[in-house]
Amino acid sequence: MENKQQSNGVMKANNAVKKKLNWSGSLIVASLTGAFGSSFLYGYNLSVVNAPAGYIKKFYNETWERRYGFSVDEGTLTLLWSITVSIFAIGGLVGAIIVTPIVKYFGRKCTLLLNNVFAVAAALLMSLSLLAGSFEMLILGRIIMGVDAGISLSALPMYLSEISPKEIRGSLGQVTAIFICIGVFTGQVLGLPEIFGQESRWPFLFGAIIVPSLIQAAILPFLPESPRYLLLEKHNTSKAEKAFQRFLGKDDVSHEIEEVLAESRVQRNTKMVSILQLLRTRAVRWQIVTVVVTMGCYQLCGLNAIWYYTNNIFSESGINHETIPYVTLSTGAVETLAAVFSGLVIERLGRRPLLIGGFGLMIVFFSVLTVSLTLQNSVHWLPYLSIFCILAIIASFCIGPGGIPFVLTGELFQQSQRPAAFMIAGTVNWLSNFAVGLLFPFIQAGLQTYCFLVFAGICFAGATYLFFVLPETKNKTFHEISQAFAKRNKVTLEMQEMKHYPGEKKSSEEQDSNLSSSVDNGETKKGFV
């Protein structure tokens, strides 16, 4: 009995050591640096245009009057401003479309590194637009910044999913969502009147974009590329081994190398899959549908509508107009705290409960918000209930739907399918984003406060689909996740691999031989299989 207890104690100690080793210094630095120069900027650019909106419109009017000798009419000014805000999503769509060939050719880390060129160029254009007297520079900068966001929101989750051990893949993936929230909050803080929220200082709000980009450009070159990319796409075993050692914080990575090679042997081929090939592959049909549903609901679930209503609801509750920007900071703070909470519990609770639970809570609070907004003029305390509902909806979103769609896109597909899958996910994400910006004013005008019932319906549809279709993916290898979908796709994994590249089949023996050895600098290296 005593020996058994000692054995159990040793096993627990070893497990504890493994968990500690999972979070190596390089892994932490890579995730924080990658997110700070990528998803942080996406969140920042979502909120940064709100505070200086009045000053920017005045700049547009003054520029127009200086050029043409008369003030711009209200309709044209509204159109210019709408373009300035919404064109960010058009740039994001372009970035999502071009990211596949970029990550294939340059790799995950180098794509993030090169993406800083877009961010720096956009920052210079937008921050110098007032000095140059050109509102076109601001609009062009917004679309270039959108391209940066479109690339980073695909390349970053791809990089994080491939460098992290499966035991913490969800937590590390949530770094993307956490830094989006931090970016939104930072944009709100820097937009305060005491900082850059003044007529003479608003260009500094856009110039600040250059700081995260330069920090990422300075640190990222010293970190390894994705070991899975190096091993499966570049066939460089030596560099892949060193990358695993850096990210896992241990010398013996033979088990990790073998795990990746086992996945590749099952795939029978490591050639990158195109969008059309992926869409035609029956074995990943439900994975694609799942990504489309989660990404669509991510944008269409109504959070943008919440941001639209926030100032109005705060005003209706009796909060002084000058105080509203400071109260609005509470929304950014709640968003960030909820995203951090999700990152802490995702490996314990799993992706599925957080996603379904997040959508479920949003349904409840959207329904209550509809009632409180409809009746708030007749009951004096209902505006405070509306404020609570806003914060609760934001928290519910960030706990699950706010970040897990990016994690799932990295988990549901094999190495050769992942870039194409992220391109599909990114396209759905940005098209949905643009659709919300385009259609929401009409929905709001037609339904008034009842518009939130539309979003409750979308959340219900998403939660229902995920309840019946999505398997739990925590602590599973990519191969095990594929097995979980095989029955629903009505195809065996063997059939899946045979259908990938029918004109380029290789025998199992040839594949095993190719994968158990790789040529690196003219030397054949073996011993991992």
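Our subject is the structure listed above.
Just so it is clear, the model here is predicted, and its values are computed rather than measured.

**Q** So what's going on with the environment of S378? Which residues, and what values?
**A** Its location among the elements puts S378 in the loop between α20 (351-375) and α21 (382-399). Side-chain polar atoms of S378 contact the backbone oxygen of L375, separated by 2.7 Å.

**Q** Now, about the nonpolar core: what can you tell me, with residues and values included?
**A** In terms of nonpolar packing, the biggest core is built from 124 residues, with Y60, F206, L278, F359, F366, W430 and F452 touching the most fellow members. At 15 residues, the largest contribution of residues to this core is made by helix α9 (residues 135-163). Core analysis: the next-biggest nonpolar cluster, separate from the first, contains 12 residues, L231, F244, L248 and L261 among them.

**Q** Explain the environment of K487 to me, using residue names and the numbers behind them.
**A** Looking at where K487 falls in the secondary structure, it is placed in the loop between α25 (478-486) and α26 (493-500). K487 gets classed as exposed once you look at its relative accessible area, which sits at 77%.

**Q** Let's hear about unusual backbone geometry: which residues, and what values?
**A** Both trends apply: most residues other than glycine have a negative phi, and most peptide bonds are in trans. Backbone geometry places H235, a non-glycine residue, at a positive phi of 55°. Inspection of the secondary structure puts H235 in the loop between α13 (227-232) and α14 (237-248). Given the relative accessible area of 39%, H235 is considered partly exposed. Phi at N475 is positive, roughly 60°, even though this residue is not glycine.

**Q** Pulling in residues and values, what's your account of a nonpolar patch on the surface?
**A** Together, I90, V94, F434, L438, L439 and F442 make up a nonpolar patch on the protein surface, roughly 540 Å² of accessible area in all. Of all the elements in the fold, those that place two or more residues in the nonpolar patch are α5 (74-106) and α23 (418-447). The element that contributes the greatest number of residues to the nonpolar patch is α23, accounting for 4 residues. By the secondary structure assignment, L438 is in helix α23.

**Q** Tell me what's going on with the packing of helix α3 (residues 39-47) against helix α10 (residues 169-190), and back it up with residues and numbers.
**A** A packed helix pair is summarised by two numbers, namely the angle formed by the two axes and the spacing between the axes. At their nearest, the axes of α3 and α10 sit 6 Å apart, and the two run at 40° to each other. With respect to their mutual orientation, α3 and α10 come out oblique. Of the two elements, α3 crosses α10, and the hand of that crossing is right-handed. Counting all contacts with α3, which are made through S39, F40, Y42, G43, Y44 and S47, the residues of α10 involved are V175, T176, F179, I180, I182, G183, V184, T186, G187, Q188 and L190. For the contact of α3 with α10, the per-class residue count stands at 9 nonpolar, 8 polar and no charged.

**Q** I'd like a description of the packing of α20 against helix α22 (residues 404-411), backed by residues and values.
**A** Between α20 and α22, the shortest axis-to-axis distance is 11 Å and the interhelical angle comes to 145°. Handedness of the α20/α22 crossing: left-handed. Along the contact surface, α20 presents R351, L354 and L355, while α22 presents I404, P405, V407, L408 and E411. Across the contact of α20 with α22, the residue classes break down as 6 nonpolar, no polar and 2 charged.

**Q** Before we move on, could you go through the environment of L138 and cite the residues and values that matter?
**A** Relative to the helices and strands, L138 resides in helix α9. We classify L138 as buried; its relative accessible area is 0%. Separated by 11 residues in the primary sequence, L138 and S127 have C-alpha atoms spaced 7.7 Å apart. When near neighbours in sequence (up to four residues on either side) are disregarded, L138 contacts I56, Y60, T84, L125, M126, S129, W202 and F206.

**Q** Lay out α23 with the relevant residues and their values.
**A** Three or four residues apart is the spacing at which side chains of an α-helix point the same way, because the helix has 3.6 residues per turn. The sharpest bend along α23 reaches about 40° and sits at L439, with the proline P441 one to four residues further on. After α23 finishes, the residue Q448 shows a positive phi value of roughly 55°.

**Q** So what's going on with the packing of aromatic side chains? Residues and values would help.
**A** This structure, assessed with the given rule, holds 22 aromatic pairs. Ring centres of W202 and F206 lie 6.0 Å apart, and the angle between their planes is 90°; this geometry places the pair in the edge-to-face category. Within this pair, W202 and its partner F206 are both found in helix α11 (residues 202-207), separated by 4 residues, close to a single helical turn. Across the pair, exposure class does not vary: W202 and F206 are buried alike.

**Q** Let's hear about the pattern of salt bridges: which residues, and what values?
**A** Going through the model one piece at a time under the given rule, you end up with 11 salt bridges. Here K166 ties to E167 by a salt bridge, and the two come within 3.6 Å at their closest N and O atoms. Through salt bridges that share partners, R108, E162, E233 and R418 make up one connected network.

**Q** Any chance you could break down the side chain of T111 for me, citing the residues and the numbers?
**A** Tracing the backbone through its elements, the reader meets T111 in helix α6 (residues 108-114). Overall, the relative accessible area of 2% leaves T111 in the buried class. Among the polar contacts listed, one links the side chain of T111 to the backbone oxygen of I102, at a separation of 3.5 Å. Residues within four places of T111 in sequence aside, it is in contact with I102, V103, F106, I151 and A155.

Rules of the game
Residues numbered from 1 in each chain as written. Predicted model: local features only at pLDDT ≥ 70, side-chain atom pairs only at ≥ 80, totals over all residues. Heavy atoms only, no water. Helix = DSSP H or I, 4+ residues; strand = E, 2+ residues; numbered from the N terminus. Polar contact = N/O pair within 3.5 Å; in protein donor to acceptor, adjacent residues only side chain to side chain. Core = buried A, V, L, I, M, F, W, Y, C linked by side-chain atoms within 4.5 Å. Buried < 20%, exposed > 50% of the residue type's maximum accessible area, 1.4 Å probe, protein only. Patch = residues over 30% accessible without salt bridge, like charges linked within 9 Å, V, L, I, M, F, W, Y side chains within 5 Å. Areas by Shrake-Rupley, 256 points an atom, 1.4 Å probe, with all protein chains shown as cover. Salt bridge = Lys/Arg side-chain N within 4 Å of Asp/Glu carboxyl O. Axes fitted to C-alpha atoms, helices over the stretch in contact; angles between N-to-C directions. Parallel < 35°, antiparallel > 145°, perpendicular 65-115°, else oblique. Left-handed = near helix turned anticlockwise from the far one by under 90°. Contact = heavy atoms within 4.5 Å. Nonpolar A, V, L, I, M, F, W, Y, C, P; charged D, E, K, R; others polar. Bend = angle between axes of the 7 residues up to and from the residue. Phe/Tyr/Trp six-rings, centres within 6.5 Å; stacked < 30°, edge-to-face > 60°.

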